Amino acid sequence: MALLTKAPRGTQDVLPSQSSRWQYVEATLLNTARLFGFKEIRFPTFEHTELFIRSVGDTTDVVQKEMYTFTDKGDRSITLRPEGTASVVRTALEHGLLNDALPMKASYVIPCFRYEKPQAGRLREFHQFGVEMFGSQSPNADAEVIGLVKNCFDTLGITDIALEINSIGCPECRPKYLKALREYFAARQEELCPTCQERLEKNPMRILDCKSPVCHDIAKDAPTGLEYLCQECKEHFEGLKKRLELMGIEYTVNPRIVRGLDYYTKTVFEFISQNIGAQGTVCGGGRYDGLIGQMGGAPTPAIGFAMGLERLLLVMDQCGAEFPPEQGCDVYIGSMGEAASLKAVELTARLREEGFSAECDLMNRSVKAQMKYADKIGARYSVILGENELSTGACQLKNMKNREITELKLDDSFVDAVYQQIMHSCYMDLEDSVEKMEL
Ligand SMILES: [Zn+2]
Ligand SMILES: [Zn+2]
């Protein structure tokens, strides 16, 4: 029985009282992306398992331990998406989007699924905002994508967030760097954690961001990739830095930001919040010029990022970012008796037709209880209809904030008169806040 009324571990409900926060953040992110020419793309929640094995990589923790994979009734192996990039590449290839005018720019807000250890404090269903841009190898693209993230944070009022960038080279220069890394770590192989001992041959760059304190300490003096960049990668990285400076975006170079897979190239970046502790990365992104070719498309440069929305909301709360006030009910129409209740239903419908949010009694409550409810839902105005109002054809519109009363007729002029009152009080509110600002 308990299972019936308990959400699965690692999931989170968004209650009606909380959803406006999510709507605001999602709309702000997608709108900001639109300013940069990114249009929303939508794709299925599940894909063929093969897609993620090929793109996310079968040596990664995500694919080895964390995927929600099942066999469907048609005997296909299906996986709930652990991230968005693979699906966007698949969509672009399937629909020939790379044959259109490039760059292709797409944004998304999606739930993702990873079977993570509960103690890590991470959700198994979590939400990501991300963008992908296909077709440009110019550092302008890198700067634009980073600028988009920065713009999102600024618009949402997030302060105290730092940008770190790095370049992990290309297939031309990276092998030399990996060789140097292997030599460096091989000298202290026995001290590395078991995972990093395995990484040494296949994936020595990942030792640089290992969470084990011992590996972290050993990695301190490891050679950095920046020393090994080829001319092209060096120019690209310098080009990005110059553009960030022109755009007024502060950054630090952190050679420890790495990616484990071959298709990642050149720019990697992270936005880190000081506020949420060890798991401070709110957004991670970079180039993956090798992925589209690896998935069977014509080799096409690509760059993107993803940010976790749960973390983003956490950071917003911790740095005191403001959310717009909840949109309450404009008018509550209370009533006493059957005839008045019918009139309330009619007027409520007419107000809604004109775009007002209006409510009337659905619970057969007493007038006193109706007014208490109107208060609770934050109604700006209220009207009470009874026999008296119906016979005189007039009612009183009450401003719930300052208790001011306005006489209104219950005829065709009603909706217009309500509109006038609401406009008037908006104007007064505006004057109030201008006055406060002047003080
Ligand atoms: Zn290179
Ligand atoms: Zn390690």
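This next bit is on the sheet that holds strand β3 (residues 68–71). Reading across from one edge, β2-β4-β3 is the order of the three strands in this open sheet, with antiparallel pairing throughout. Each edge of the sheet is formed by a strand with only one pairing partner; in this case those strands are β2 (46–48) and β3. Neighbour-to-neighbour, the strand axes of the sheet open up by a mean angle of 30°, direction not taken into account. When β3 meets strand β4 (residues 77–80), the two strands line up antiparallel, connected through four bridges. Within the sheet, the bridge partner assigned to Thr71 lies in β4 and is Ser77.

Turning our attention to the side chain of Arg199. Topologically, Arg199 is positioned in helix α7 (residues 194–202). Although Arg199 is buried, it forms no salt bridge, and the closest oppositely charged side chain is Asp209 at an N-O distance of 5.3 Å. Residues in contact with Arg199, not counting those within four places in the same chain, are Pro204, Arg206, Ile207 and Cys210.

Attention shifts here to the coordination of the zinc ion (ligand 1). For the zinc ion (ligand 1), the full set of protein donor atoms is Cys170 (SG), Cys173 (SG), Cys230 (SG) and Cys233 (SG), and the range of their distances to it is 2.2 to 2.3 Å. The coordination sphere of the zinc ion (ligand 1) comprises four donor atoms, whose angles at the metal cover 101 to 114°; the geometry is tetrahedral. If you list the donors of the zinc ion (ligand 1) from N- to C-terminus, the spacing comes out as C-x2-C-x56-C-x2-C. One end of the pair, Cys170, is in the loop between β7 (161–167) and α6 (174–186); the other, Cys233, is in helix α9 (residues 231–246), and 63 residues separate them in sequence. By relative accessible area, which is 0% here, Cys233 ends up buried.

The rules behind the values
- Residues numbered from 1 in each chain as written.
- Chains lettered and ligands numbered in written order.
- Predicted model: local features only at pLDDT ≥ 70, side-chain atom pairs only at ≥ 80, totals over all residues.
- Heavy atoms only, no water.
- Pairing = 2+ DSSP bridges.
- Helix = DSSP H or I, 4+ residues; strand = E, 2+ residues; numbered from the N terminus.
- Axes fitted to C-alpha atoms, helices over the stretch in contact; angles between N-to-C directions.
- Buried < 20%, exposed > 50% of the residue type's maximum accessible area, 1.4 Å probe, protein only.
- Lys, Arg positive; Asp, Glu negative; His and termini not counted.
- Salt bridge = Lys/Arg side-chain N within 4 Å of Asp/Glu carboxyl O.
- Contact = heavy atoms within 4.5 Å.
- Donors = N, O, S within 2.8 Å, 3.2 Å for Na, K, Ca; no water.
- Tetrahedral: all angles 85-135°; square planar, octahedral: opposite > 155°, others 65-115°.

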